[in-house]
Amino acid sequence: MSGDLPATLERPHVFVPAEPGAAGPPLLLLHGTGGSEHDLVPLRNLLSPGAAVLSPRGMVLEGGMSRFFRRLAEGVFDEDDLSRRADELADFVTAASSAYSIATGTLVAVGFSNGSNIASAMLLGHPRLLRGALLVAAMVPYASPPTVDLSGVDVLVSNGERDPMIPASMTAELGRQLRERGAHVTDLPHGGGHQLDPGSLRRAAKLLGSLARP
Ligand code: MLT
């Protein structure tokens, strides 16, 4: 990053431009707790080969670990902070999209764990910002989410059946909240835990490939 970047872009991030002929959607990569903006970049080859990639760092530190928003305890979110941080991240995404020529509403968020939870919060707070999301190891971001229109938004949920932090009832509630607001939600469950599952990601890649770029 250079000193010429607008203030909203002064967040550590990785940007990889699209390669000619890339067919899939551009990706907004959101890492998990203790991760960095570099973690998920290798997923580009599988999920949307050659696509533009924007990968910001979560700016909250918890015991030295980067996150996208504060939590009060494991699995207990500070919803006010979540909402504020989702707004900040949306501002960053808007500024970066303009700086890097990514068309509005085309990014698909790919979040892991904490990254998936801020992705859900962005969908709910900024419903026209994203084309869709792949939520991996995803929880319910808000007990009572705002009433928004998510029609035209595709959401893939890749949760593990043996995830000690995410019971099946929570995955079902997340899907219910998003569907109730008009999102098209596809569950891609796997037999593992709180993790990226290769089989589930391959299924996600096929579905992402069918999301036409405008
Ligand atoms: C995490 O460890 O990141 C949690 O599972 C999810 C969160 O706190 O957002």
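J.: Looking at this structure, I do not really get the overall build of the protein. What am I missing?
T.: Per the secondary structure count, the protein includes five helices and eleven strands. Radius of gyration (C-alpha) of the protein: 16 Å, near the 17 Å computed for a compact globule of 214 residues. The dimensions of the protein, computed from C-alpha atoms along their principal axes, are 45 × 35 × 30 Å. Residue pairs at least 24 apart in sequence account for 71% of intrachain contacts in the protein once pairs closer than 6 positions are excluded.

J.: It is not clear to me how the packing of aromatic side chains should be interpreted in this structure. Could you clarify?
T.: Geometry of an aromatic ring pair is reported as the spacing of the ring centres plus the angle between the planes. Here the structure, examined in full by the defined rule, presents two aromatic pairs. Between the aromatic rings of Phe15 and Tyr100, the centroid separation amounts to 3.9 Å while the plane-to-plane angle is 0°, which identifies the pairing as stacked. In this pair, Phe15 is assigned in strand 1 (residues 13-16) and Tyr100 in the loop between helix 2 (79-99) and strand 8 (108-112), connecting sequence segments 85 residues apart. Relative accessible area serves as the criterion here: at 24%, Phe15 is assigned to the partly exposed category. Owing to a relative accessible area of 23%, Tyr100 belongs among the partly exposed residues under this scheme. The aromatic ring of Phe92 is capped on one face by Arg11, whose charged end is 5.6 Å from the ring centroid. One Lys or Arg, Arg67, reaches over the ring of Phe69 and ends 5.1 Å from the middle of that ring.

J.: I'm lost on the side chain of Ser116 in this one. Help?
T.: Among the secondary structure elements, Ser116 is positioned in helix 3 (residues 114-125). When its relative accessible area of 0% is taken as the criterion, Ser116 is described as buried. Here Ser113 takes part through its backbone oxygen, which lies 2.7 Å from a polar atom of the side chain of Ser116. Every residue in contact with Ser116, bar those within four places of it in the chain, is listed here: Gly111, Leu135, Val136, Ala137 and Ala138.

J.: Explanation requested: the site of the ligand in the structure shown.
T.: Around the ligand sit Thr33, Arg67, Phe69, Arg71, Phe77, Ser113, Asn114, Asn117, Met139, Met165 and His194, and those are all the residues in its vicinity. Between an oxygen atom of the ligand and a side-chain N or O atom of Ser113, the distance comes to 3.2 Å. Within the contact set of the ligand, an oxygen atom lies 2.9 Å away from a side-chain nitrogen or oxygen of Asn114. Considering the ligand on its own, with 260 Å² of exposed area, one finds that the protein chains cover 93% of that surface.

Calculation criteria
- Starting afresh in each chain, residues are numbered from 1 along the sequence in its written order.
- The model is predicted, so local features are restricted to residues of pLDDT at least 70 and side-chain atom pairs to those at 80 or more, both for listing and for counting; the totals for chains, interfaces and linings are taken over all residues.
- Side-chain metrics in this entry use all non-hydrogen atoms of the structure; hydrogen atoms and water are not considered.
- For the purposes of this entry, the term helix denotes a DSSP run of H or I that reaches at least four residues, the term strand denotes a run of E that reaches at least two, and both are numbered from the N terminus.
- As defined in this context, the radius of gyration uses C-alpha atoms, and a globule is described by 2.2 Å times the residue total to the power 0.38.
- Every residue pair with non-hydrogen atoms within 4.5 Å of one another is taken to be in contact.
- By convention, a stacked pair of Phe, Tyr or Trp rings (six-membered ring in the case of Trp) has centres within 6.5 Å and planes under 30 degrees apart, an edge-to-face pair has planes over 60 apart, and any other such pair is tilted.
- Three labels apply to residues, based on accessible area from a 1.4 Å probe with only protein chains included: buried if under 20% of the type maximum, exposed if over 50%, partly exposed otherwise in between.
- To sit over a ring, a charge needs its Lys NZ or Arg CZ within 6 Å of the ring centre and within 35 degrees of the ring normal.
- Each polar contact in these results corresponds to two N or O atoms within 3.5 Å; when the atoms are within protein, one needs to be able to donate a hydrogen and the other to accept it, and residues that are neighboring in sequence are counted only if both atoms are side-chain atoms.
- Proximity is defined per residue: if any heavy atom of the residue lies within 4 Å of a molecule or strand, that residue is considered near it.
- Values of accessible area rely on a 1.4 Å probe in the Shrake-Rupley scheme; residue burial ignores everything except the protein chains shown.

Just distances and angles here, no functional claims.
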